[in-house]
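One-letter residues, chain by chain:
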Amino acid sequence: MAVDADGTIVEAGDHIPDDIVAALHGVDAAGVPVVLATGRSWLAARIILDNVGIAPAYCVCSNGATVISYPDENVVGQVTFDPAPLVEVLRGHPSVVVAVEEFGRGYNLSAPFPPGGFELRGELRVVSWDELAQHQVLRMIVRDPFVAPADFDAMMAQLDLSQLYWCSMGENWIEIGGQAAGKSRGLAVVADLLGVDQYDVLALGDGNNDIDMVSWAGRGVALADAPPELKAVADAVTGSFASGGTVEELRHWFPRV
């Protein structure tokens, strides 16, 4: 079973409601592996696994760019890409902020990251555009809250993303990974390790970065809070996060949770 983090099992402040923790432990007790599949970096995802308290486990993080085991932190798969062509285009836009993830450390940024949206965890280091482009990266975040959405979309249209994975994380916020990234790719790696068939996987999510995961799973479920694009590919839509939709779906398959 695969679950997204924020908005699916996690609310503000990294808090996981007690009924969700109990439900996840019930799934684990039934002998079904619980996999966290999240857009968070490993540093931020590990907080959630610590709070859930199920081990051993696997985590698909950074939108599938990293697959790692928990708690031993053995990286079993990573996908990187060359950010240089994108940086060359983006550096010409004065208000855009770019962050590239460095595994296990934090992010290099073109400028201080604007408030709003998800919080970046770890060390945040402002570097030159040239330094941003020097090395292969796991993920690039492009953020610009200072322009109109139409202008942001026009800027993104200048980027060649045809050979990359990308998703929108909200207004004027795009995340980019290597072509083989995406939560479904990471889950396929875990399923192969565990000897689980794709069509036996239950996946729950609430965001645009869950679209490929929910489409891939044998049963893909969207929360009622999810955007229309995710609901359109889901096999079912459960209740909202606030109304207990996550637990509702788990209890449907695991009545004892």
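Check the entry above for the structure.
Residues numbered from 1 in each chain as written. Predicted model: local features only at pLDDT ≥ 70, side-chain atom pairs only at ≥ 80, totals over all residues. Heavy atoms only, no water.

Enquirer: Tell me what's going on with the layout of surface pockets, and back it up with residues and numbers.
Expert: For the largest pocket, the calculated volume is near 400 Å³. Asp6, Gly39, Arg40, Phe118 and Met169 are, among the 26 residues lining the largest pocket, the residues nearest its centre. Only strand 9 (139-143), strand 10 (164-170) and strand 11 (173-178) provide two or more residues apiece to the lining of the largest pocket. Here the element with the most residues in the lining of the largest pocket is strand 10; it accounts for 3 residues. Class assignment of the residues belonging to the lining of the largest pocket gives a composition of 8 nonpolar, 9 polar and 9 charged. Here the second largest pocket is characterised by a volume of approximately 280 Å³. If you trace the second largest pocket, you find 19 residues lining it, with Met1, Val32, Asp200, Val201 and Leu202 closest to the centre. (1 Å grid on protein atoms, 1.4 Å probe; cavity = no way out; pocket = protein on both sides within 12 Å on 5 of 7 lines; lining within 4 Å. Points joined across faces, edges and corners; volume = space filled by probe spheres on them. Helix = DSSP H or I, 4+ residues; strand = E, 2+ residues; numbered from the N terminus. Nonpolar A, V, L, I, M, F, W, Y, C, P; charged D, E, K, R; others polar.)

Enquirer: Explain the sheet that holds strand 6 (residues 97-102) residue by residue, including any values.
Expert: Read from one edge of the open sheet, 6 strands run 8-7-6-9-11-10, paired in mixed fashion. The two strands at the open ends of the sheet, each matched to only one other strand, are strand 8 (123-126) and strand 10. Direction aside, the axes of adjacent strands within the sheet are offset by 20° on average. As judged from the 4 bridges shared by strand 6 and strand 7 (residues 106-109), these two strands associate in the antiparallel manner. Of the residues in strand 7, the one forming a bridge with Val100 is Asn108. (Pairing = 2+ DSSP bridges. Axes fitted to C-alpha atoms, helices over the stretch in contact; angles between N-to-C directions.)

Enquirer: With reference to specific residues and values, describe the pairing of strand 5 (residues 75-78).
Expert: Pairing analysis gives 3 bridges linking strand 4 (residues 66-70) to strand 5, with the strands arranged antiparallel. Bridge assignment links Ile68 to a residue of strand 5, and that residue is Val75. Between strand 4 and strand 5, which pair antiparallel in sequence order, lie 4 residues; one of them, Glu73, sits at a positive phi of approximately 60°.

Enquirer: Give me empty space enclosed by the protein: which residues, what numbers.
Expert: The final tally for this structure, using the stated rule, is 2 cavities of 30 Å³ or more. Taken together, Val3, Ile9, Leu24, Val34, Val35, Leu36, Ile48, Leu49, Val52, Ile54, Ala57 and Tyr58 make up the full set of residues lining the largest cavity. Contributing elements (two or more residues each) for the lining of the largest cavity: strand 2 (35-37), helix 2 (42-52) and strand 3 (57-61). With 3 residues, helix 2 is the largest single contributor of residues to the lining of the largest cavity. Here the residues of the lining of the largest cavity sort into 12 nonpolar, no polar and no charged. Taken as a whole, the second largest cavity spans an internal volume of roughly 30 Å³.

Enquirer: Describe in detail the pattern of salt bridges, supporting the description with residues and values.
Expert: Using the criterion set out here, one finds 14 salt bridges in the structure. In this structure, the salt-bridge partner of Glu131 is Arg125, at a minimum N-O distance of 3.1 Å. Here Glu131 falls in the partly exposed class, since its relative accessible area comes to 28%. For Lys183, the salt bridge is made with Asp210, and the minimal N-O distance between the two is 2.5 Å. Taken together, the residues Lys183 in helix 6 (residues 183-194) and Asp210 in the loop between strand 12 (202-205) and helix 7 (211-216) connect sequence positions 27 residues apart. Of the two residues, Lys183 and Asp210, neither departs from the other in class, the shared state being buried. Within the structure, one salt-bridge network assembled from shared partners comprises Asp6, Asp14, Arg40 and Arg121. (Salt bridge = Lys/Arg side-chain N within 4 Å of Asp/Glu carboxyl O. Buried < 20%, exposed > 50% of the residue type's maximum accessible area, 1.4 Å probe, protein only.)

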